[in-house]
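Residue strings, one per chain:
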Amino acid sequence: MRTVLLFTLLLVAVAIAASKADLTARSLDGQKVHLKDLRGKMVVLNFWATWCGPCKEEMPILIKAAQASANPDLVFLAVSVDDAKTQAKVPDAAKQFGITFPIWVGATGEDLYNLSKGQAAPATIFIDRDGAILARVSGEIRESELKERIDWLTGDRKGASPQEFISHVN
């Protein structure tokens with residue numbers, strides 16, 4: 001009986017560890033970065049690309065929310081899925097948008113799918129302090145959806161949680 005209990009606890013621990021969000025990419029200055037290094041922080045992770053029209057429409061909403069946030073434990077993160085052909089355009093696009101939060105490059109379509117459960121950019125993922133994904137929005141996020149999920153992520157989480165997955169992709 002004790003062996004069964006220990007085995008069950010081990011399986012639960014492995015399942016919990018496997019459900020934690022992780023991603024390895026590079027910062028704009030070329031340093032290797034890991035999403036798991038942000039554990040202890042709450043993260044609004046946005047997958048975007050320089051060639052993505054909806055990303056260009058959505059980014060000002062994210063920038064506005066990041067600038068309005070007074071919570072030092074809330075991190076906004078722009079993760080580019082530009083490939084080798086367009087990755088060189090990321091710094092100029094970031095400057096043009098006025099992105100003031102960290103920008104990572106080198107993410108792949110597989111990374112996008114693993115974290116967002118969708119295959120299209122933009123996609124926004126809301127991650128708690130423990131690295132668990134609380135919500136995902138595939139496609140261009142609406143300002144009200146962003147606010148609702150940030151309030152839930154940073155609040156006391158009492159009451160009904162926001163819809164866990166929204167898709168605006170046709």
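Below is a short write-up of the structure.

1. Quick notes on the state of the cysteines
Disulfide: a covalent bond formed between the sulfur atoms of two cysteine residues.
Thinking step 1. Here the structure, examined in full by the defined rule, presents one disulfide.
Thinking step 2. C52 shares a disulfide with C55; S-S distance 2.3 Å. On the sign convention where negative means left-handed, the S-S torsion of about 80° between C52 and C55 marks this disulfide as right-handed. Each member of the pair, C52 as well as C55, carries the same accessibility label: buried.

2. A word on the side chain of D82
Thinking step 1. Inspection of the secondary structure puts D82 in the loop between strand 4 (74-80) and helix 3 (90-97).
Thinking step 2. With no salt bridge to any partner, buried D82 finds its closest opposite charge in K89, at an N-O distance of 7.3 Å.
Thinking step 3. A distance of 2.7 Å separates a polar atom in the side chain of D82 from a polar atom in the side chain of S80.
Thinking step 4. Leave out the neighbours within four places in its chain, and D82 touches W48, A49, T50, W51, Q87 and V90.

3. Details of the pattern of salt bridges
Thinking step 1. On inspection of all chains with the given rule, the structure shows five salt bridges.
Thinking step 2. Across the pair K64 and E143 runs a salt bridge whose closest N-O atoms are separated by 3.1 Å. Linking K64 in helix 2 (residues 53-68) with E143 in helix 5 (residues 143-154), this pair joins segments that are 79 residues apart in sequence.
Thinking step 3. The exposure class assigned to K64 is partly exposed, which follows from its relative accessible area of 49%.

4. So, the pairing of strand 4
Thinking step 1. Among the seven residues in strand 4, seven count as buried, and that is most of the element.
Thinking step 2. Going residue by residue along strand 4, you find L74, F76, A78 and S80 tucked away on one face and V75, L77 and V79 tucked away on the opposite face as well.
Thinking step 3. With seven bridges joining them, strand 3 (residues 42-48) and strand 4 adopt parallel strand pairing. Looking at strand 4, one finds that N46 is bridged to A78.
Thinking step 4. Regarding the hand of the β-α-β motif, the stretch spanning strand 3, helix 2 and strand 4 is right-handed.

5. Thoughts on the pairing of strand 7 (residues 133-138)
Thinking step 1. When you tally the buried positions in strand 7, you get five out of six residues, the bulk of the element.
Thinking step 2. As paired strands, strand 6 (residues 123-127) and strand 7 are joined by five bridges and run antiparallel to one another. Following the sheet pairing, A123 is matched in strand 7 by S138.
Thinking step 3. Linking two consecutive strands that pair antiparallel, namely strand 6 and strand 7, is a turn of five residues; a positive phi of about 90° is found at G131 within it.
Thinking step 4. The parallel pair strand 7 and strand 8 (residues 165-167), bridged by helix 5, forms a crossover whose chirality is left-handed.

6. Regarding helix 5
Thinking step 1. The first and last C-alpha atoms of helix 5 sit 16 Å apart over twelve residues, in line with the 16 Å expected at 1.5 Å per residue.
Thinking step 2. Among the residues of helix 5, E145, L146, R149, I150, W152 and L153 are the ones counted as buried. End-on view of helix 5: buried residues confined to an arc of 160°, all on one side of the axis. In helix 5, the exposed residues that point more than 90 degrees away from the buried face are S144 and K147.
Thinking step 3. Buried residues belonging to helix 5 abut strand 3, helix 2, strand 4, strand 6, strand 7 and strand 8.

Calculation rules
Residues numbered from 1 in each chain as written. Predicted model: local features only at pLDDT ≥ 70, side-chain atom pairs only at ≥ 80, totals over all residues. Heavy atoms only, no water. Disulfide = S-S within 2.5 Å. Buried < 20%, exposed > 50% of the residue type's maximum accessible area, 1.4 Å probe, protein only. Helix = DSSP H or I, 4+ residues; strand = E, 2+ residues; numbered from the N terminus. Lys, Arg positive; Asp, Glu negative; His and termini not counted. Salt bridge = Lys/Arg side-chain N within 4 Å of Asp/Glu carboxyl O. Polar contact = N/O pair within 3.5 Å; in protein donor to acceptor, adjacent residues only side chain to side chain. Contact = heavy atoms within 4.5 Å. Pairing = 2+ DSSP bridges. Right-handed = clockwise from strand over helix to strand, strands pointing away. Expected span 1.5 Å × (residues − 1). Arc of directions from axis to C-beta.

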